[in-house]
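# Geometric and topological summary
In case you want the letters, here they are:
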Amino acid sequence: MVDCLFCKIVAGEIPATVVLDGDGWLAFEDIDPKAPVHVLVVPKRHLADIGELGTDPAAAASLVAGIGAVARELGLSAYRTVFNTGAEAGQSVFHTHAHVLGGRNLSWPPG
Ligand code: AMP
Ligand code: ZN
């Protein structure tokens, strides 16, 4: 059993501000938001990164559905979805999560 922050949030052992609780995924507010809307969408199953997520097509499809549900719930017409993969790319929690960022103009490419 891995000692994992987001598994503990999924299990309700660590508090989070839940946005939506879906079938196979949970969406909650990022504790250190980088945009007016910054929600994390995680699979309920422990999958370390997007590569592992890809080995479970049902979990991957469910997570994408969760991202769409969050956007609809929050009325986001434009948003950015980011998966950081690997410490050198900024991944700090090794339970895969989609960052859903919105509520302001998001420049592209990012700075
Ligand atoms: P990453 O750096 O891509 O792995 O993203 C991890 C994200 O988790 C960061 O944006 C953190 O602000 C966020 N985070 C860390 N701890 C918590 C927590 N207890 N509740 C909600 N978000 C968290
Ligand atoms: Zn986990």
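See the structure shown above.
The structure presented is a predicted model; accordingly, all values stated were derived computationally and were not measured.

## Structural notes on the site of ligand 1
Surveying the vicinity of ligand 1 reveals 17 residues, the closest of which are Asp 30, Asn 84, Gly 90, Ser 92 and His 99. One of the backbone N or O atoms of Ile 31 is found 3.2 Å from a nitrogen atom in ligand 1. Protein coverage of the free-state accessible area of ligand 1, which is 500 Å², stands at 85%. More than half of the atoms of ligand 1 fall within 2 Å of the grid points belonging to the largest pocket. Of the residues forming the shell around ligand 1, the biggest block, three residues, is contributed by helix α1 (residues 5-10). Class assignment for the residues of the shell around ligand 1 results in seven nonpolar, six polar and four charged.

## Here's the deal with the coordination of the zinc ion (ligand 2)
For a metal bound by four donors in tetrahedral geometry, the ideal donor-metal-donor angle is 109.5 degrees, whereas six donors in octahedral geometry ideally sit at 90 or 180 degrees. Every protein donor of the zinc ion (ligand 2) is listed here as Cys 4 (SG), Cys 7 (SG), His 46 (ND1) and His 95 (ND1), and their distances to the metal cover 2.1 to 2.3 Å. The coordination sphere of the zinc ion (ligand 2) comprises four donor atoms, whose angles at the metal cover 104 to 117°; the geometry is tetrahedral. One chain supplies every donor for the zinc ion (ligand 2), spaced along it as C-x2-C-x38-H-x48-H. In this pair, His 46 is assigned in the loop between β3 (37-43) and α2 (50-53) and His 95 in the loop between β4 (79-82) and β5 (98-102), connecting sequence segments 49 residues apart. With relative accessibility at 0%, the residue His 95 sits in the buried group.

The rules behind the values
Residues numbered from 1 in each chain as written. Chains lettered and ligands numbered in written order. Predicted model: local features only at pLDDT ≥ 70, side-chain atom pairs only at ≥ 80, totals over all residues. Heavy atoms only, no water. Near = heavy atom within 4 Å. Polar contact = N/O pair within 3.5 Å; in protein donor to acceptor, adjacent residues only side chain to side chain. Areas by Shrake-Rupley, 256 points an atom, 1.4 Å probe, with all protein chains shown as cover. 1 Å grid on protein atoms, 1.4 Å probe; cavity = no way out; pocket = protein on both sides within 12 Å on 5 of 7 lines; lining within 4 Å. Sits in = over half its atoms within 2 Å of the grid points. Helix = DSSP H or I, 4+ residues; strand = E, 2+ residues; numbered from the N terminus. Nonpolar A, V, L, I, M, F, W, Y, C, P; charged D, E, K, R; others polar. Donors = N, O, S within 2.8 Å, 3.2 Å for Na, K, Ca; no water. Tetrahedral: all angles 85-135°; square planar, octahedral: opposite > 155°, others 65-115°. Buried < 20%, exposed > 50% of the residue type's maximum accessible area, 1.4 Å probe, protein only.

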